[in-house]
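# Architecture and fold: a report
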Amino acid sequence: MAEVEIKLLNKVYSGNTRAVTDVNAHIRDGEFIVLVGPSGCGKSTILRMIAGLESISTGELFIDGRKVNGVEPGKRDIAMVFQNYALYPHMSVRRNMEYGLKNEGLPRDQIATRIAEAARTLQLEDYLDRKPRNLSGGQRQRVAMGRAIVRDPKVFLFDEPLSNLDAKLRTQLRSELKALHRRLAATFVYVTHDQVEAMSLADRIIIMNAGRVEQIGTPLDVYERPATRFVADFIGNPSMNLMTGIVAEDRARVVLTSGPTIALSTEVEAAPGTSVDLGIRPEHLRVSDTGGADLTLSVHMVEHLGADTIVHGHIGQDAGALSLRVDGVQDFREHTQVPLAIAPGHLHLFDTQTGQRLNCA
Amino acid sequence: MQKRVIFRSAWLPYLLLLPQIAVTLIFFFWPAYQALESSFFIEDAFGFSRDWVGLQNYAELFRDEGYIRSFRTTLVFGLSVAALSLSVALVLAVAANRVLHAATAYRTLLIWPYAVAPALAGVIWYFLMNPSLGIVAYWLKLMGYDWNHYVNGDQALLMVIVAAAWKQVSYNFLFFLAGLQSIPKSMLEAAAIDRAGPMRRFWSITFPLLTPTTFFLLVVNLVYAFFETFSLIHATTEGGPYDSTSILVFRVYNTGFVGQDYGSSAAQSVILMIMVVLMTFFQFRFVERKVNY
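Residues numbered from 1 in each chain as written. Chains lettered and ligands numbered in written order. Predicted model: local features only at pLDDT ≥ 70, side-chain atom pairs only at ≥ 80, totals over all residues. Heavy atoms only, no water.

## With respect to the packing of aromatic side chains
Residue and element names in this part refer to chain B.
- Under the criterion given, the structure shown has 21 aromatic pairs over all chains.
- Seen in terms of ring centroids, F40 and Y58 are 6.1 Å apart; in terms of plane orientation they differ by 50°. Their pairing is tilted. Note that F40 is positioned in the loop between α1 (11-38) and β1 (41-43) and Y58 in helix α2 (residues 56-63), a separation of 18 residues in sequence.
- By relative accessible area, F40 is classed as partly exposed at 21%.
- Where Y67 meets F71, the ring centres are 5.5 Å apart and the plane angle is 90°; that geometry is what we call edge-to-face. Residue Y67 and its partner F71 are both found in helix α3 (residues 65-98); the two are separated by four residues, about one turn of the helix.
- Y67 gets classed as buried once you look at its relative accessible area, which sits at 1%. (Phe/Tyr/Trp six-rings, centres within 6.5 Å; stacked < 30°, edge-to-face > 60°. Helix = DSSP H or I, 4+ residues; strand = E, 2+ residues; numbered from the N terminus. Buried < 20%, exposed > 50% of the residue type's maximum accessible area, 1.4 Å probe, protein only.)

## So, the sheet that holds strand β6 (residues 78-81) of chain A
Residues and elements named next belong to chain A.
- Strand order in this open sheet of six strands is β6-β7-β8-β3-β9-β10, and the pairing throughout is mixed. If you trace the sheet from one side to the other, it starts and ends with β6 and β10 (212-217), each paired once. Each adjacent strand pair in this sheet contributes to an overall mean axis angle of 15°, direction not counted.
- Of the pairings in the sheet, the one linking strand β9 (residues 204-209) to β10 comprises five bridges and is antiparallel in character. Directly across from I206, in β10, lies its bridge partner I216.
- Lying over the sheet, helix α5 (residues 167-184) contacts β3 (32-36), β7 (155-159) and β8 (187-192), oriented at roughly 160° with respect to β8. (Pairing = 2+ DSSP bridges. Axes fitted to C-alpha atoms, helices over the stretch in contact; angles between N-to-C directions. Contact = heavy atoms within 4.5 Å.)

## Points about helix α5 (residues 118-129) of chain B
All names here are of chain B.
- The terminal C-alpha atoms of α5, which comprises twelve residues, lie 16 Å apart, in line with the 16 Å expected from a rise of 1.5 Å per residue.
- Looking at α5, one finds that the buried residues are A121, G122, W125, Y126 and M129. Burial along α5 is one-sided: seen end-on, the buried residues are contained in an arc of 140°.
- Considering only its buried residues, α5 is in contact with α6 (135-142), α7 (153-181) and α10 (230-235). (Expected span 1.5 Å × (residues − 1). Arc of directions from axis to C-beta.)

## So, the interface of chain B and chain A
- Contacts between the two partners involve 20 residues from chain B, matched on the other side by 24 residues from chain A.
- Each partner contributes to the roughly 1,900 Å² buried at the junction of chain B and chain A, and carbon and sulfur atoms together form 57% of this total.
- In this structure, R195(B) engages E104(A) in a salt bridge whose closest nitrogen and oxygen atoms are separated by 3.7 Å.
- Our enumeration of links across chain B and chain A arrives at 13 residue pairs in polar contact (both at pLDDT 80 or more).
- Counting residues per element, the ones that place at least two in the side of chain B that touches chain A are α8 (185-193) and α9 (198-227) of chain B.
- Looking at the side of chain B that touches chain A element by element, the count peaks at eight residues for α8(B). (Buried area = accessible area lost by both parts, 1.4 Å probe. Salt bridge = Lys/Arg side-chain N within 4 Å of Asp/Glu carboxyl O. Polar contact = N/O pair within 3.5 Å; in protein donor to acceptor, adjacent residues only side chain to side chain.)

## What to know about the environment of V91(B)
- By secondary structure assignment, the location of V91(B) is in helix α3.
- Distance in space between the C-alpha atoms of V91(B) and A165(B) is 14 Å, their sequence separation being 74 residues.

## With respect to the sheet that holds strand β21 (residues 357-358) of chain A
- Strand order in this open sheet of six strands is β13-β12-β11-β14-β20-β21 (chain A), and the pairing throughout is antiparallel. Edge positions in the open sheet fall to β13 (261-263) and β21 of chain A, since each of these has one partner strand only.

## Considering a nonpolar patch on the surface
- Taken together, the side chains of L17(B), I21(B), V23(B), L25(B), I26(B), F27(B), F28(B), F29(B), W30(B) and Y33(B) define a hydrophobic patch exposed on the protein surface, amounting to about 1,100 Å² of accessible area.
- With respect to the secondary-structure elements, I26(B) resides in helix α1. (Patch = residues over 30% accessible without salt bridge, like charges linked within 9 Å, V, L, I, M, F, W, Y side chains within 5 Å. Areas by Shrake-Rupley, 256 points an atom, 1.4 Å probe, with all protein chains shown as cover.)

## Observations regarding the UniProt feature "transmembrane region" (unreviewed entry) in chain B
- Those places that UniProt annotates as "transmembrane region" (unreviewed entry) correspond, in this numbering, to residues 12-33, 75-97, 109-128, 156-180, 201-227 and 266-287 of chain B.
- Counting secondary structure, residues 75-97 of chain B comes out at 100% helix and 0% strand; the distance between its end C-alpha atoms is 32 Å. (UniProt positions renumbered as here; feature names shortened; annotations may be inferred.)

## So, unusual backbone geometry
All names here are of chain A.
- Cis geometry is adopted by the peptide bond preceding P238, which originates at N237 and carries an omega value of -5°.
- Not every positive phi belongs to a glycine, and A210 is a case in point at roughly 50°.
- Its place among the elements puts A210 in the loop between β9 and β10.

## Things to note about the environment of M97(A)
All names here are of chain A.
- Mapped onto the fold, M97 is located in helix α2 (residues 93-104).
- For the pair M97 and R114, spaced 17 residues apart in the sequence, the C-alpha separation amounts to 9.4 Å.
- In this view, M97 contacts I115, L128, V143, G146, R147 and V150; residues no more than four positions away in its chain are not counted.

## Let's talk about the pattern of salt bridges
- For the coordinates displayed, the defined rule picks out 21 salt bridges over all chains.
- Put simply, R170(A) and D194(A) hold a salt bridge, and the shortest N to O gap is 3.9 Å. Of this pair, R170(A) sits in helix α5 while D194(A) is found in the loop between β8 and α6 (195-201), placing the two residues 24 residues apart along the sequence.
- Among the charged side chains, a salt-bridge network with shared partners connects D77(A), E104(A), R151(A), D194(B) and R195(B).

## Things to note about the domain arrangement of chain A
Residue and element names in this part refer to chain A.
- Examined at the domain level, chain A breaks down into domain 1 (4-226) and domain 2 (231-358).
- Relative to domain 2, the C-alpha centre of domain 1 lies at a distance of 38 Å.
- Domain 1 puts 14 residues into the contact, and the matching count from domain 2 is twelve residues.
- Together, the buried faces of domain 1 and domain 2 total about 1,100 Å²; carbon and sulfur atoms form 64% of this surface.
- Considering only the side of domain 1, the residues that lose the most area to domain 2 are Q195, Y223 and P226, jointly responsible for 58% of the buried surface there.
- Counting across the domain 1 and domain 2 interface gives zero salt bridges.
- Seen at the junction of domain 1 and domain 2, the total is five residue pairs in polar contact (both at pLDDT 80 or more).
- It is helix α7 (residues 219-224) that contributes the most residues to the side of domain 1 that touches domain 2, three residues altogether.
- Looking at the side of domain 1 that touches domain 2 residue by residue, the class counts come to seven nonpolar, four polar and three charged. (Domains from an automatic or database assignment. Nonpolar A, V, L, I, M, F, W, Y, C, P; charged D, E, K, R; others polar.)

Pasting the structure below:
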């Protein structure tokens with residue numbers, strides 16, 4: 001069990017390709033941290049630097065208070081679960097799990113105890129003598145986790161461990177993983193590009209884009225108060241409606257490029273005339289039956305998902321794209337106009353220039 | 001779903017196969033049959049007459065101490081060539097697999113020897129090792145070692161082994177490199193995290209995963225050393241001194257074209273043929289199974 005402290009971490013590949021820029025993070029003892037972002041955002045690079053598989057260009061990395069910049073992967077007291085499982089194909093499940101312990105020089109009886117315990121936890125007892133090729137994807141993933149658990153490391157690292165599995169198995173293993181974290185109370189660092197995994201697993205999420213950290217916060221934090229336009233757009237499905245506009249003279253309204261003016265509940269901390277992106281989540285729009293509409297949606301396409309209905313369309317006649325999410329099955333006709341009201345207190349404003357959040361209601 | 005092409009007429013597929021069948025029949029089956037046939041006869045040196053002798057040619061071969069010695073020489077030669085070329089190729093492949101810069105240039109250079117004809121490869125080594133003008137022989141002399149493969153049979157054998165292995169290193173290197181590159185990097189990374197040092201990683205992960213490649217190459221190398229090194233030996237030692245480098249293929253030539261004992265030469269060919277058949281069988285039987293670990 002340990003803390004991981006990342007200070008001003010940078011990764012520059014030869015030819016000046018920057019993979020990671022000035023990343024700072026403090027991962028607490030026993031915390032489940034998920035690094036999330038689009039592919040190529042540097043999240044895996046950070047994980048690999050924590051593991052010691054990738055060298056650190058500049059910056060410092062501490063595991064349990066010890067600076068590990070130049071330390072070999074095997075001496076960092078970490079375990080890693082790979083996307084392709086990376087099981088040793090010529091060894092049985094048991095030998096796969098033993099390998100690290102033997103290298104550590106642990107006595108035989110202790111190795112046997114640890115493997116028995118891990119096998120019980122992961123329901124692998126019946127498969128110990130099989131070769132990886134005779135296991136299903138889910139079982140292989142469990143073996144990969146078993147190999148990490150028996151090591152009893154300070155930090156567990158996961159590199160997109162569920163992305164090779166089908167959707168149903170993924171959901172199942174997700175809850176197993178969460179339960180495992182509770183039981184072990186160890187520090188988990190988990191990389192994924194799947195925001196559902198990030199939201200459901202994490203104590204805190206680190207959202208990355210183009211090698212930089214966009215926001216660090218709890219799942220609800222990043223959902224309710226996205227720090228940047230990128231986070232607002234990245235988290236949430238269907239993603240947040242983002243509309244360009246300009247702050248009005250009184251700083252309490254935004255005039256959208258597509259026409260309508262949206263009233264804010266408080267003044268925005270930006271000069272009048274500032275270009276802004278106004279964000280509203282599809283679920284925070286509702287059909288206005290009183291007539292006082294903030295926006296008008298021309299319906300283009302309706303998705304009936306059973307639990308909810310998602311309506312895609314445009315603002316007004318043919319301006320910016322807009323989507324609406326309502327509960328249950330509701331009937332919308334294509335090519336009709338629907339007046340919408342914005343739920344108060346759910347507007348997000350971002351500076352168009354910097355992409356940073358502007359404080360307001 | 002795999003789509004199968006179905007020929008409407010019966011003769012077209014046979015017509016399409018005909019060239020290959022013709023080549024096989026004319027250049028493989030016919031000579032093989034001729035060898036088999038002549039191995040049962042004793043023929044005079046000028047080909048005017050021949051007498052049916054049954055298995056006498058074979059019987060004489062196995063009574064001939066020289067032939068038995070050739071068997072042993074071939075075995076020593078083949079195993080040494082295979083061992084030497086495989087181990088050198090593996091070391092080079094592991095090194096090449098680590099090099100990131102100029103990897104292609106490095107690889108190309110290593111593959112070059114394979115393009116050299118066996119006879120030329122032999123001549124190159126022959127010049128290098130020549131006791132009166134060879135540079136390597138000169139160095140050896142400076143180090144106080146007297147090299148003369150014209151006189152010393154062991155040295156002659158060593159020379160042809162090195163020359164034959166040198167030529168085969170490139171081929172093995174290519175296969176080993178491909179084998180190494182097909183091992184997922186994450187597997188070795190997992191081993192590194194599992195506290196295995198570089199040597200342990202190699203012997204417990206990389207090497208076992210290369211076994212199918214190694215086994216395949218072992219068979220290929222033995223076949224090469226046993227049957228394809230004739231021109232190399234012919235161009236350098238001509239089997240000498242005192243038969244010390246006379247491997248079985250070379251003996252076939254020597255008995256037939258120098259000694260003009262066609263019957264015995266044919267019998268030796270048939271024995272070699274049986275060896276090839278056995279090795280091919282062995283390879284198909286075991287390599288196929290070993291490929292999937």
